[in-house]
Amino acid sequence: MNDVATLEKDGEIAVLTLNSPPVNALSGPVREGINNGIKQAIDDADVKAIVLICEGRTFIAGADITEFGKAPSGPSLFDALAMIEHGPKPVVAAIHGTALGGGLEVALTCHYRVAVPSAKCGLPEVNLGLLPGAGGTQRLPRIVGPEKALEMVTSGQHVGAKKCLEMGLVDELAEEGKLREGAVAFAKKIVAEKRPLKKVRDLNDKVEAARGKPEIFAEFRKANARKFRGFLAPEYNIQCIEAAVNLPFDEGIKVEQKLFRELVTGTQSAAQRHVFFAERQVWKLPDVPADTPTIPVNKVGIIGAGTMGGGIAMNFLNVGLPVTIVETKQDALDRGLGVIRKNYENSAKKGRFSMEEVEKRMGLLKGSLDMNDLADSDLVIEAVFENMDVKKQVFTKLDAIVKPGAILATNTSALNIDEIATAVKRPEAVIGLHFFSPANVMRLLEVVRADKTSKPVIATSMQLAKKIGKIAALVGVCPGFVGNRILAQRQREAQKLILEGAMPWDVDRVLYDFGLPMGPFAMSDLAGLDIGWSKEKSQGATIRDVLCEMDRRGQKTGAGFYDYDENRNAKPSPVVEKIILDFAQKKGINRRKISDDEILERCIYPMINEGAKILEEGKAIRSSDIDIVWINGYGFPVYRGGPMFYGDTVGAAKVLAKMKEFQATMGDDFKPAKLLEKIVAEGKKFSDF
Ligand code: T1G
């Protein structure tokens, strides 16, 4: 065979085993192994049936994503698929782990499929900005029906083997851990029973039943319009399922191929593939080796039962870790505990888990007014008011109370953690765990290493982040760390743009159309314009001040940058328009027509430039980590790959040229980062950093 494929015989059954770690992806050698193995088994007169099985942690988990964007090499997958499907001998796919993408497509060309109960199947190509390009969009609906197929190919969900059996996607479940035996026995059974070669391509009942029912697709598009906004791949997947319903199999395959080629050569898929690997790279820390010893964390303490403290606590309760939450006043504690219970009860009402589960999680939670109750905690996270003196007082107390070896973490989103660490005698135990609100929902965690933070504390924090289902980026101490530091660039320009000639709804429209979930002004109205604003100190110095002084505090007051109707629908406000025009006049600003391109470039390019500064200062390990922060913490569209990948898509040279152009007319807010200059001078990309 070859290095990744072996062929053996078990009586009259040939067993073709693939072994290409880590996930038996359909690389050139794997395709070659399948080709040669199937051919040899077909040519062997003693062989009556073939079992295709994989070694390692999983069945084929799809095409080799690293091959995309490169010149094709090795045998075509389609040759192997044709040999399997049209061969004279039954082929049984034996599935464990995950049969995903091209892996499930290979299994769907086999005549039968056997799986262990723990296995999962799916066509997640849409998450890579693609569609199943090896017949999956034409074969899947023939087995599970068009409706279920639409759901599977546009969600990318992994479906459990039992459900697959119910849907007819697998024909039999083998005993867990006995897949090979089960599959060979099944193959012998179908030979003995002279069962036909079941070709999925010939199963037309379910697709024909949907013919002449365009409403299936119209309703599906309508129901998911919001979720699919900006993405190309979901719509292309839908068109393929439509083709499966309306066209003969081979015509459907042509549609699938055409649309696949469009996607695989497009920028959206390149961006989403970048994010796939970025989400795996982010855990690799150059100076914190994978075998760095970690600190066992079995008890967690949290200071502050406010919105952040409560949300943070839920992350640990969700994974069965006991939490003690400390407040200063009983009513604040009761309120905090009450919010946590309410959140859980709401989830139970939505059927996410049972009321028993609610009680189980609440049973792990203890409220206290005494910080001494945290003495035995392995990790304490402080989530109190954002004030340096308050933070340092808390850490000094914790230092005296909490056992040696524990981790002392702060949830500050902006304060200097090196400064906070000066309040304790064990600065090596201090780290930033910057959760994003709502902390029990937002997937991102900025793990902020301070100058003296030890490697075991860093390794433990990253490991814990994975355990609580977060994606964590390790960043350095600087104002706003990575996420907020970059956000400040956009916010500054947005404020300037509405003075110079744009209106808040222009800026929001451009950024919304770019793919952000919401523009900065709508976001401010949602959060409340009076956060950090004080009536006593306000002097109408900014437009926000003026709005707050007029009691336009945002959605909660029915008015902010926008006017809101009773259903909180926003509409541009003539009142705000007048305020802005008057304000600009008072400031002696000659307003001018500002194009959508300028709005976009002035909001996004300084973000990229700031990312370059963060990299040159070593406050982030790699540019893709910055992309992970902005995609998972600030809603940057995944199909643009994050601000730094977008910078590479546009081209660092264009970003630099525009920054210089803006700097010439608008000053050093647009001063290019040295790294940006260097990357352009060397003809490199941010992703090379
Ligand atoms: N190609 C190349 N490398 C892959 C890979 C793939 N398909 N899947 C995983 N890896 C690498 C990954 O980068 C990591 O590397 C290691 O394997 C372990 O992965 C024609 C077009 C299978 C559920 O979308 O969802 O088929 O970081 O850390 O958490 O229609 O990997 O160690 O160097 O994620 O146990 C469709 C993608 C492809 C599945 C395992 N398939 N993979 O999760 O491990 S497109 C997918 C996953 C396609 C056809 C089309 C997960 C997993 P490293 P991991 P895990």
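Just above, that's the structure.
What counts and what doesn't
Residues numbered from 1 in each chain as written. Predicted model: local features only at pLDDT ≥ 70, side-chain atom pairs only at ≥ 80, totals over all residues. Heavy atoms only, no water. Helix = DSSP H or I, 4+ residues; strand = E, 2+ residues; numbered from the N terminus. Rg over C-alpha atoms; globule rule 2.2 N^0.38 Å. Buried < 20%, exposed > 50% of the residue type's maximum accessible area, 1.4 Å probe, protein only. Contact = heavy atoms within 4.5 Å. Areas by Shrake-Rupley, 256 points an atom, 1.4 Å probe, with all protein chains shown as cover. Lys, Arg positive; Asp, Glu negative; His and termini not counted. Charge placed at Lys NZ, Arg CZ, Asp CG, Glu CD. Pairing = 2+ DSSP bridges. Axes fitted to C-alpha atoms, helices over the stretch in contact; angles between N-to-C directions. Phe/Tyr/Trp six-rings, centres within 6.5 Å; stacked < 30°, edge-to-face > 60°. Lys NZ or Arg CZ within 6 Å of the ring centre and 35° of its normal.

**Q** How would you sum up the overall build of the protein chain? Please name residues and give values.
**A** In terms of regular secondary structure, the protein chain is built from 28 helices and 19 strands. Against the 2.2 N^0.38 benchmark of 26 Å for 689 residues, the protein chain shows a C-alpha radius of gyration of 29 Å, consistent with a compact globule. If one aligns the C-alpha atoms of the protein chain with their principal axes, the spans along those axes are about 90 × 60 × 55 Å. Scored against the burial criterion, the 689 residues of the protein chain give a buried share of 55%. In the protein chain, of all internal contacts separated by at least 6 residues, the share reaching a separation of at least 24 is 72%. On the protein chain, roughly 29400 Å² of surface is accessible, and the fraction owed to carbon and sulfur atoms is 54%. Mean positive and mean negative side-chain charge positions of the protein chain (93 and 90 charges, respectively) differ by 1 Å.

**Q** Which residues make up the sheet that holds strand β5 (residues 98–100), and what are the values?
**A** If you trace the 3 strands from one edge of the open sheet to the other, you get β5-β7-β8, paired in mixed fashion. Lying at the two open borders of the sheet, with one neighbouring strand each, are β5 and β8 (159–160). Sheet topology places β5 next to strand β7 (residues 120–122); 3 bridges connect them, and they run parallel. When the sheet's bridge partners are listed, A99 is paired in β7 with C121. In this fold helix α3 (residues 102–109) packs onto β5 and β7, with an angle of close to 90° to the strand it touches most, β5.

**Q** Explain the sheet that holds strand β12 (residues 365–368) residue by residue, including any values.
**A** Sheet strands pair by backbone hydrogen bonding; their relative direction is either parallel or antiparallel. Strand order in the open sheet formed by 8 strands is β12-β11-β10-β13-β14-β15-β16-β17, and the pairing between neighbours is mixed. Among the strands making up the open sheet, the edge pair consists of β12 and β17 (471–476). Each strand axis lies, on average, 25° off the axis of its neighbour in the sheet, ignoring direction. Two elements, strand β11 (residues 323–326) and β12, share 4 bridges in a ladder whose sense is parallel. Bridging from a neighbouring strand, T324 pairs with K366 of β12. Lying on the sheet, helix α16 (residues 388–401) is in contact with β10 (300–303), β13 (379–382), β14 (407–410) and β15 (430–435); it crosses β14 at an angle near 170°.

**Q** Residues and numbers for the packing of aromatic side chains, please.
**A** Remark: the centre distance and the inter-plane angle together describe each pair of aromatic rings, the angle taken between the planes. Counted under the stated rule, the structure contains 15 aromatic pairs. Feature note: the residues F436, F514, W630, Y634, F636 and Y646 constitute an aromatic cluster, connected by ring pairs. Between the NZ or CZ atom of R229 and the centre of the ring of Y512, over which it lies, the distance is 3.5 Å. Over the aromatic face of F353 sits the side chain of R361, whose NZ or CZ is 4.2 Å from the ring centroid.

**Q** Tell me about unusual backbone geometry, and please be specific about residues and values.
**A** Here the residue pair P21 and P22 is connected by a cis peptide bond, since its omega of 5° sits within 30 degrees of zero. Position of P22 among the secondary structure elements: in the loop between β2 (13–18) and α1 (28–43). With omega at -5°, the peptide bond leading from S437 into P438 counts as cis. Structurally, the position occupied by P438 is in the loop between β15 and β16 (444–449). One non-glycine residue with positive phi stands out, namely N24, at about 50°. For N24, the location among the structural elements is in the loop between β2 and α1. We note that R568 has phi near 60°; this positive angle belongs to a residue other than glycine.

Worth remembering: the numbers are spatial, not functional.
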